[in-house]
Amino acid sequence: MPGFELFGDQERKEVNDVLESGVLMRYGFDAMRNGHWKAKELEKALESRLQVNHVQLVSSGTAAVSVALAVAGVGAGDEVIMPTFTFVASFEAIIAVGAIPVIVDIDSTLTLDPEAVEAAITSKTKAVMPVHMCGSMANLNALSAICKAHDLILVEDACQAIGATYNGKPLGSIGDVGCFSFDFVKTITCGEGGAVVTNKARYFKNADHYSDHGHDHEGKDRGAETHPFLGYNFRISELHAAVGLAQVRRLDEFLKIQRSHFQILRNALSEIEAVTFRTVPEGGEESCAFLSFFLPDLETTRKVDNAFKEAGIDGCFHYYDNNWHYLRKWEHLVNLKTLYSMSSEIKNGLQYLKDKKFTQSDDLIGRNISCLIKLSWTKDEVEDRAKHMVEIIRRNL
Ligand SMILES: *Cc1c(COP(=O)(O)O)cnc(C)c1O
């Protein structure tokens, strides 16, 4: 997945444009910037690549999720449905706007289970946030139908899935608002960065203002701009945007490499009867950022995971025992360990986590291994790796 593996002259050239003018900020300083508007250019490039009307760049993927919720009016006391398997940013962003994360089971897509979503809807539910983990996707037809029926906002977290499509449309462009991350380990990187994408003009205008202290961006004098509402600073810098601009132009090249490596590994592993693969919803095409598969049980999966590590097969994750991506290890959330006092709505709203069981997710994540597809591998290296992985899995069955 990581675009940083192929960082090179194109990225350096874009960054140098910015260094030569010295205008590191995306707004203002028109006379000094030699006509360089890297953030604006990257937004245009993403609008075209992701087939959306509007893109607002921000400082990170976590900021993107926070801004997406804010622009859709999600706030204090609202409930946002999210999956057990995701990155910690999901609940961080929900809590940041004062809302309550309602965490529900995943299914064999490794993303939100539509039945679990339906069962979790209450009068306080405001949004549903599928997280398209590891390059594939949630069943967006089912989730869109649920959101429509209950008048809920659909927020897609596509941070790990740029380049994947559903019914021919880029992930992130299908819900009311979508989020991307360009941190250092994502398919394309800015170093740090993120994007909020939407077809709704009002959400975009909100995102434009909110991510820059509520500035209305009217006229030519930043100091004279007014603040139609409160905002925050989630701005991206021109230096970061410059890296992303070079990387987005290479996205199709990266995806091609990813898909070809992925296919070699998948073909090899599908020879083993005990190995099954994650479900990809009908109409979906993965970005192939990861190859995710299931083994028969938790014990076998732990054995295979350890054997991979001992053999130096890097980049494979058994998320069941991982601190970042699966609810089982989110002790700091369950016990609400915070630096400052939380609202009673959030404190009370999270009580359910103390004893709620997620047996369906435990079973799936317990048996899942997801392997990162690196761009820097040669074909020979991938073939070697495939052979080696097959041997290790067979030996441990
Ligand atoms: C990386 C990631 C984020 C957060 O992005 P940052 O840019 O690291 O803040 C959010 N959601 C998912 C699914 C991610 O993988």
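Just so we're clear, the structure is a prediction, and the values are computed from it rather than from any experiment.

As a further point, take the overall build of the protein. A count of helices and strands for the protein gives 14 helices and 14 strands. What you see for the protein is a C-alpha radius of gyration of 21 Å, in line with the 21 Å of a compact globule of 397 residues. If one aligns the C-alpha atoms of the protein with their principal axes, the spans along those axes are about 70 × 50 × 40 Å. Counting contacts in the protein only where the partners sit at least 6 residues apart, residues at least 24 apart contribute 69% of the total. When the accessible surface of the protein is summed, it comes to about 16,800 Å², and 50% of that surface belongs to carbon and sulfur atoms. Across the protein, the centroid of the 42 positively charged side chains sits 1 Å from that of the 54 negatively charged ones.

Time to look at the state of the cysteines. This model, assessed by the stated rule, comprises one disulfide. In this model Cys-316 forms its disulfide with Cys-371; the gap between the sulfur atoms is 2.2 Å. Since a negative S-S torsion denotes a left-handed disulfide, the Cys-316-Cys-371 link at about 110 degrees is right-handed. Of this pair, Cys-316 sits in strand β13 (residues 316-317) while Cys-371 sits in strand β14 (residues 368-372), placing them 55 residues apart in sequence. In this structure Cys-147 is a free cysteine whose sulfur lies 14 Å from that of Cys-179, the closest cysteine sulfur available. On the accessibility criterion, Cys-147 (4% relative accessible area) is buried.

Gly-61, Thr-62, Ser-181, Asp-183 and Lys-186 are the nearest of the 14 residues found near the ligand. A distance of 3.2 Å separates an oxygen atom of the ligand from a polar atom in the side chain of Lys-186. Burial of the ligand by the protein chains amounts to 93% of its free accessible area of 380 Å². Residue composition of the shell around the ligand, grouped by class: five nonpolar, six polar and three charged.

Let's shift gears to the pattern of salt bridges. Inspection of the entire model under this criterion finds 27 salt bridges. Asp-9 serves as the salt-bridge partner of Arg-12, at 3.3 Å between the closest nitrogen and oxygen. Placement of the pair is Arg-12 and Asp-9 together in helix α1 (residues 9-21), with a separation of three residues, close to one helical turn. Here Arg-235 ties to Asp-212 by a salt bridge, and the two come within 2.7 Å at their closest N and O atoms. Taken together, the residues span a long stretch of sequence, with Arg-235 in the loop between α7 (201-210) and α8 (238-248) and Asp-212 in the loop between α7 and α8 at a distance of 23 residues. Connected through shared salt-bridge partners, Lys-13, Glu-14, Asp-17, Lys-38, Glu-41 and Arg-249 make up one network.

On to unusual backbone geometry, then. In this structure, Leu-110 takes a positive phi of about 70 degrees despite not being glycine. Here Leu-110 is to be found in the loop between β3 (100-104) and α5 (114-120). What makes Leu-110 buried here is its relative accessible area of 0%. Even without a glycine there, the phi angle at Cys-288 is positive, about 65 degrees. Along the chain, the position of Cys-288 falls in the loop between β11 (284-285) and β12 (290-294).

Let's shift gears to the domain arrangement of the protein. Taken domain by domain, the protein holds domain 1 (3-250) and domain 2 (252-396). For domain 1 versus domain 2, the distance between C-alpha centres works out to 23 Å. Contacts between domain 1 and domain 2 engage 50 residues on the former and 48 residues on the latter. Note on domain 1 versus domain 2: buried area summed over both sides is about 3,900 Å², and carbon and sulfur give 61% of it. Remark: the boundary between domain 1 and domain 2 carries two salt bridges. A salt bridge links Asp-252 to Arg-49; the nearest nitrogen and oxygen atoms lie 2.6 Å apart. Viewed at the interface, domain 2 and domain 1 are joined by 24 residue pairs in polar contact (both at pLDDT 80 or more). Tallied by class, residues from the side of domain 1 that touches domain 2 come to 26 nonpolar, 18 polar and six charged.

To describe a pair of aromatic rings, you give the distance between the ring centres and the angle between the ring planes. One pass over the full model with this rule turns up nine aromatic pairs. A centroid spacing of 4.5 Å and a plane angle of 20 degrees characterise the contact between Phe-4 and Phe-184, whose relative ring orientation is stacked. Highlighted residues: Phe-4 in the segment before α1 and Phe-184 in the loop between β8 (177-181) and β9 (194-198), separated in sequence by 180 residues. The exposure class assigned to Phe-4 is partly exposed, which follows from its relative accessible area of 31%. Relative to Tyr-319, the ring of Phe-85 has its centre 4.9 Å away and its plane inclined at 55 degrees; by these criteria the two rings are tilted. On the criterion of sequence distance, the pair formed by Phe-85 in the loop between β2 (79-83) and α4 (89-96) and Tyr-319 in the loop between β13 and α11 (331-334) is long-range, its members being 234 residues apart. Assigned by exposure class, Phe-85 and Tyr-319 land together as buried. Every member of this aromatic cluster is reached through a ring pair, and the members are Phe-85, Phe-290, Phe-317 and Tyr-319. Sitting over the face of the ring of Phe-87, Lys-186 holds its NZ or CZ atom 6.0 Å from the ring centroid. In this structure, Arg-328 is placed above the aromatic ring of Tyr-320, and the distance from its NZ or CZ to the ring centre is 3.8 Å.

What counts, and at which threshold
Residues numbered from 1 in each chain as written. Predicted model: local features only at pLDDT ≥ 70, side-chain atom pairs only at ≥ 80, totals over all residues. Heavy atoms only, no water. Helix = DSSP H or I, 4+ residues; strand = E, 2+ residues; numbered from the N terminus. Rg over C-alpha atoms; globule rule 2.2 N^0.38 Å. Contact = heavy atoms within 4.5 Å. Areas by Shrake-Rupley, 256 points an atom, 1.4 Å probe, with all protein chains shown as cover. Lys, Arg positive; Asp, Glu negative; His and termini not counted. Charge placed at Lys NZ, Arg CZ, Asp CG, Glu CD. Disulfide = S-S within 2.5 Å. Buried < 20%, exposed > 50% of the residue type's maximum accessible area, 1.4 Å probe, protein only. Near = heavy atom within 4 Å. Polar contact = N/O pair within 3.5 Å; in protein donor to acceptor, adjacent residues only side chain to side chain. Nonpolar A, V, L, I, M, F, W, Y, C, P; charged D, E, K, R; others polar. Salt bridge = Lys/Arg side-chain N within 4 Å of Asp/Glu carboxyl O. Domains from an automatic or database assignment. Buried area = accessible area lost by both parts, 1.4 Å probe. Phe/Tyr/Trp six-rings, centres within 6.5 Å; stacked < 30°, edge-to-face > 60°. Lys NZ or Arg CZ within 6 Å of the ring centre and 35° of its normal.

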